[in-house]
Amino acid sequence: MITFERSYPVNIFNTDITGRLSPGAMFSFFEDLAGRHANELGWGRDNLMNDGTFWALSRMTVKVERLPLALEELTLRTWPRGTDLIYALRDLEMYDAAGNRLAGASSSWVIVDYHTRKAQRPDRALADLNMMFPEKKAIGTNSRKVPPLPAGDHRANRHMVMLDDIDVNSHVNNARYVYWAINTYEPEFLGTHTPDTIEVNYVQEGHLGETVSILTGISADAESAFIHSVRRENDGAELCRLRIRWKENESPAGRQ
């Protein structure tokens, strides 16, 4: 089926210091849902690996309406939306038990050759499904390019890539970059703010044992918005770029 749903509990270990679902865990939920649905459609990792390829997330934009609390029961929904140039598009949504939408997301994926690490054109592989994709958009737009880190002083955090940062494709898992970016904020800020929009561009692969710097600067286009650039220290290559817009909580953290 083209639209796919699955229930997820918000376990204690999925939450942060505010008692809410952490942004990194939300990305992990979305990744899990996308992988399960691709498998149902016959385009899962095992199917692609038969041809020596795999899916890699290139861009994702998540619009957050509310982060759920620990022990809430969620319903996540996803559907593919065809292709755009080299990208396969997939939208996702998250709902609470009462049916209120908590978040919507647009994601762009590429098919990568496992050995050469070069992107393939997914429109060729998925052409037979293109006419079946729903036109509905979860957030009204496709995920876009995040602007570069603005000039000026940047706050820097360092991290060595550890084994639990690495996924089955032998590179840093997409959700880990979100965890790293959130770790640049002070607890007091996280206690009084909720992400409004999280935009992520995955630029290059990160690998085990590398040391990265997470550079943070204020975004020029919006209040309470920050751009994070994750760069490998030994050659300065940018691995990931994120922009997070924040909104102040209307009531104590986690109880908006």
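Structure's up top.
Now for a quick tour of the structure. These figures come from a predicted structure and were not determined experimentally.

Thresholds applied
- Residues numbered from 1 in each chain as written.
- Predicted model: local features only at pLDDT ≥ 70, side-chain atom pairs only at ≥ 80, totals over all residues.
- Heavy atoms only, no water.
- Phe/Tyr/Trp six-rings, centres within 6.5 Å; stacked < 30°, edge-to-face > 60°.
- Helix = DSSP H or I, 4+ residues; strand = E, 2+ residues; numbered from the N terminus.
- Buried < 20%, exposed > 50% of the residue type's maximum accessible area, 1.4 Å probe, protein only.
- Lys NZ or Arg CZ within 6 Å of the ring centre and 35° of its normal.

## Quick word on the packing of aromatic side chains
- Under the defined criterion, the tally for this structure stands at nine aromatic pairs.
- On the basis of an interplanar angle of 25 degrees and a centroid distance of 5.1 Å, the ring pair of Y8 and F29 is categorised as stacked. Placement of the pair is Y8 in strand β1 (residues 4-9) and F29 in helix α1 (residues 23-40), with a sequence separation of 21 residues. Each of the two residues, Y8 as well as F29, counts as buried.
- Here F189 and F226 contribute two aromatic rings whose centre-to-centre distance is 6.3 Å and whose plane-to-plane angle is 85 degrees, an arrangement assigned as edge-to-face. Of this pair, F189 sits in helix α5 (residues 187-192) while F226 is found in strand β10 (residues 225-232), placing the two residues 37 residues apart along the sequence. Across this residue pair, the class does not change: F189 and F226 are buried.
- Here R6 stacks its cationic end above the ring of Y8, 4.9 Å away from the centre of that ring.
- It is R176 that lies over the ring of Y179; its NZ or CZ is 4.8 Å from the centre.

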